[in-house]
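Examining the three-dimensional arrangement
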Amino acid sequence: PGSSIEISTKDQGKMIKIMVADSGIGVSNEDQEHIFDRFYRTASARASENEGSGLGLAIVKNLINSLNGEVGITPKDKSGSIFWFTLPKST
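These notes cover the structure that comes with them.

Rules behind the numbers
- Residues numbered from 1 in each chain as written.
- Predicted model: local features only at pLDDT ≥ 70, side-chain atom pairs only at ≥ 80, totals over all residues.
- Heavy atoms only, no water.
- Helix = DSSP H or I, 4+ residues; strand = E, 2+ residues; numbered from the N terminus.
- Buried < 20%, exposed > 50% of the residue type's maximum accessible area, 1.4 Å probe, protein only.
- Contact = heavy atoms within 4.5 Å.
- Core = buried A, V, L, I, M, F, W, Y, C linked by side-chain atoms within 4.5 Å.
- Salt bridge = Lys/Arg side-chain N within 4 Å of Asp/Glu carboxyl O.
- Pairing = 2+ DSSP bridges.
- Axes fitted to C-alpha atoms, helices over the stretch in contact; angles between N-to-C directions.
- Phe/Tyr/Trp six-rings, centres within 6.5 Å; stacked < 30°, edge-to-face > 60°.
- Lys NZ or Arg CZ within 6 Å of the ring centre and 35° of its normal.

Mapped onto the elements, S81 comes out in strand β4 (residues 81-88). On the basis of relative accessibility, which here comes to 1%, the residue S81 falls in the buried class. Setting aside anything within four residues of it in sequence, one finds S81 in contact with V20, A21, D22, G26, V27, I73, T74, P75 and K76.

As a further point, take the nonpolar core. Of all hydrophobic cores here, the largest spans five residues; its members are I35, F36, I64, V71 and I73. Apart from the residues within four sequence positions on either side, V71 is in contact with F36, V60, K61, I64, W84 and F85.

The final tally for this structure, using the stated rule, is one salt bridge. The partner of D11 in a salt bridge is K89, and the shortest N-O contact between them spans 2.6 Å. Here D11 is found in strand β1 (residues 5-12), whereas its partner K89 is found in the segment after β4, with 78 residues between them in sequence. Classification of D11 by relative accessible area gives exposed; the value is 52%.

A few words on the sheet that holds strand β2 (residues 15-22). Strand pairing in a sheet takes place through backbone hydrogen bonds and is either antiparallel or parallel in direction. Taken together, the four strands give an open sheet; going across it, the order is β1-β2-β4-β3, and neighbouring strands pair in antiparallel fashion. Lying at the two open borders of the sheet, with one neighbouring strand each, are β1 and β3 (71-75). Put simply, the sheet's adjacent strands are angled 20 degrees from each other on average, direction ignored. In terms of strand pairing, β3 meets β4 through five bridges, oriented antiparallel. Within β4, the position partnered with V71 by the bridge is F85. Across the sheet, helix α3 (residues 56-66) is in contact with β3 and β4; its angle to β4 comes to roughly 25 degrees.

Attention shifts here to the environment of G69. Here G69 shows up in the loop between α3 and β3. Spatially, the C-alpha atom of G69 lies 6.9 Å from that of F85, the residues being 16 residues apart in sequence. Ignoring sequence-local partners within four residues, the contact set of G69 consists of M15, I64 and T86.

With that out of the way, let us pick up the packing of aromatic side chains. In total, this model carries zero aromatic pairs according to the counting rule given. The ring of W84 is capped by K17, whose NZ or CZ atom sits 4.7 Å from the centre of that ring.

In structure tokens form, the structure reads like this:
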């Protein structure tokens, strides 16, 4: 609650990088290693009443990889995370 979201892009030559940053609680280092794995749910997600299959980010990774891009997560300096993906520019 109260977190802001910022979407930005960066030109990387033959690729474009799209970043989605939030100012929430962030993602732990341990979770960052597995967050794009199929069926992975963080401890806080398992402990909450929110239901989910743990497939959303795995589907994103598969789709981006099939388009010759990459996907990842970077922690922000103070709080939150930056989810990002790259895609080749159209020629």
